[in-house]
Amino acid sequence: MTEQTPRRKRPEDLRSARWFGPADLRSFGHRSRAMQMGYAPEEWQGRPVIAILNTWSDLQPCHAHFKTRVEDVKRGILMAGGFPVELPALSLSETYLKPTSMLYRNMLAMDAEELLRAHPIDGVVLMGGCDKTTPALLLAATSMNLPAIYVPAGPMLRGNWHGKVLGSGSDSWKYWDELRAGKITEKDWGGVEAGIARSYGTCMTMGTASTMTAIAEAVGMVLPGGSSMLAADAGHIRLASESGRRIVDAVWEDLTPSRIQTHDAYENAIAVAMAMGCSTNAIIHLIAMAKRAGQDIGLKDFERYSRKVPVIGNVRPSGDKYLMEDFFYAGGILALMNSMKEHLHLDCLTINGRTLGENIEGAEVYNDDVIRPLTNPIYGEGSLAVLTGNLAPDGCVIKPAAMDQKFLKHSGPALVFDDYPSLKRAVDDESWEITADHVLVLRNAGPQGGPGMPEWGMLPMPKKLLKEGHRDMLRLSDARMSGTSYGACVLHVAPESFVGGPLALIKTGDIISIDVEARSIRVEISDDEMAARKAAWHPPEPRYERGYGYMFSKHIQQANEGCDFDFLRTDFGAPIKEPSI
Ligand code: FES
Ligand code: MG
């Protein structure tokens, strides 16, 4: 490590001392109001004030245990001599928030950043896990740059129905297609519904939640092994209190996110994401996070790592049968990272004050079918590929590890839909003239068009093709897809159609060609024809004329830039000053 270790903080150096210390009228108010809540001065004086940003709500099943888990975090903070304060933050439930939780990722990021800035806080424990919560909380902590530790909610238990293991998301899609194909009954479907989510915790496939918590750990913001700890395991309670203990020391050591989140740390995060067979959403969130940390990370870096890091985490949907519970028993993230350590920068500092290399040393794999050696991967190249071409000048993404390999190179006529309801009507029409060679296209589903870039990208398979026995076809959109989804789905087409990207200009019958090996995607029309169609294009009506959505439309960036608001980028404008007190 080249970095100089800063000297330990003294109590008078604490940020909160500005609120509680001075012998003036304002501080009198802060102290007397703390006493109003029953806290004696001995309980806060000279102690780090630790915020616990808790994203619990009654409509957030993945974080249901946070209502009480927060007490374990507090216990740890108290033990280590800190003063814990719980600050409820916006709760983003992937399941219930409409039109999509992605619309609100940046709202939570703003909420969390300003909660930290405006209050007398010295360090923070971030409690999240369900998809967008992880990036949102980390975006905030990174911009605020106070010592921060992330406590992931942990994966839920495996699903179970009639003795069959069920995986979040993936088996919903699978059995839904079986129901539509007439292969299972309504009663069976009811059994799947009751058995697929059996405990609190996040989706237990390698969806966005497990991907993003692994990334949070790889980048150095989670205690070792914390991202694979199951929500319902007693170890999760201990993780919570240990995180509470650790953050107090991290404040004294001034171990800020900027000391942890180096360019190398982000490369580690990308390498681990690839090895895990990550959700496509990882790309958007990681780019946004890296930019907040001032690191130049973009699609090119994903492509670079995709070419060299194979998928060794055999967890669905890239893997064929295992789930996060199996991954945990097989040794979890530490074992995975140790198995691929030649692709990692081992000298990166992490939140426990040790290096990544020290954290993973000796971590063993207990089941080498779940965590494969690099020499026996489940997919030889990385799980994601970035394609470019005249249809996506700023790139788009496909997940070769989770699709029918015959579509890796494919040409077919486009069937273009401008909105999701008309696409849905068409796919349910069994008289529709469609073959498995056609390319289904949905537009107006990007960051502005969606709005919020909903997870519609796994466009539903046409009923007619399902009944003929097909389970995959080439699909294309500017939407995202759930990390638990699978199929030959080209996503994140940038620029999006709503702002006039080439996707807005294609027509039903145009031939679309992809070649994943060559990383290319094209619509087979001439540049002149494309220019003529562009000249005739009219921008659609804005999605919002007031409220948060209006601000969102004005400031959201495209997928290849991470979908952050332009004004939230850490380097946007002059740094924000500390509040006057
Ligand atoms: Fe919360 Fe999947 S719905 S992690
Ligand atoms: Mg998801």
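Residues numbered from 1 in each chain as written. Chains lettered and ligands numbered in written order. Predicted model: local features only at pLDDT ≥ 70, side-chain atom pairs only at ≥ 80, totals over all residues.

### Focus on the domain arrangement of the protein
The following threshold applies: Domain delimitation in this document rests on an assignment produced automatically or drawn from a domain database. Once C-beta atoms are placed from the backbone, any two residues with those atoms within 7 Å are in contact. Gly falls in the polar group here, along with every residue not listed as nonpolar (Ala, Val, Leu, Ile, Met, Phe, Trp, Tyr, Cys, Pro) or charged (Asp, Glu, Lys, Arg).
Domain boundaries in the protein define domain 1 (11-25 + 50-157 + 199-360), domain 2 (160-196) and domain 3 (385-536). With centres defined by C-alpha atoms, the gap from domain 1 to domain 2 works out at 31 Å. Contact with domain 1, which involves 7 residues of that partner, is made by 5 residues of domain 2. Residues of the side of domain 1 that touches domain 2, tallied by class, amount to 4 nonpolar, 2 polar and 1 charged.

### Digging into the packing of helix α6 (residues 133-144) against helix α9 (residues 208-218)
Quick note on the threshold: Between the N-to-C directions of two axes lies an angle of 0 to 180 degrees, each axis being a line fitted to C-alpha atoms and, for a helix, fitted only over the stretch in contact. Helix and strand labels come from DSSP, where a helix needs a run of H or I of at least four residues and a strand needs a run of E of at least two; each type is numbered from the N terminus. Any angle that falls under 35 degrees is termed roughly parallel, while one over 145 is termed roughly antiparallel, one within 65 to 115 roughly perpendicular, and all others oblique.
Packing of α6 against α9 leaves a shortest axis separation of 9 Å and a crossing angle of 30°. Accordingly, the angle class assigned to the pair α6 and α9 is roughly parallel. Every residue of α9 that contacts α6 at Thr134, Pro135 and Leu138 is listed here: Met212, Thr213 and Ala216. Residue classes in the contact of α6 with α9 are distributed as 4 nonpolar, 2 polar and no charged.

### Some points on the sheet that holds strand β4 (residues 148-152)
Spelled out, the test is: What makes two strands pair is DSSP finding at least two bridges between them.
Ordered in space as β2-β1-β3-β4, the 4 strands form an open sheet in which the pairing is parallel. Only two strands of the sheet have a single partner each, and these edge strands are β2 (83-88) and β4. On average, each strand axis in the sheet is inclined to that of its neighbour by 20°, with strand direction left out of account. The pairing of strand β1 (residues 49-54) with β2 spans 6 bridges and is parallel. Paired with Ala51 across the two strands is Val85, which belongs to β2. Each of β1, β2 and β3 (123-128) is contacted by helix α5 (residues 102-118), which is oriented at about 160° to β1, the strand it contacts most. Lying on the sheet, α6 is in contact with β1, β3 and β4; it crosses β3 at an angle near 165°.

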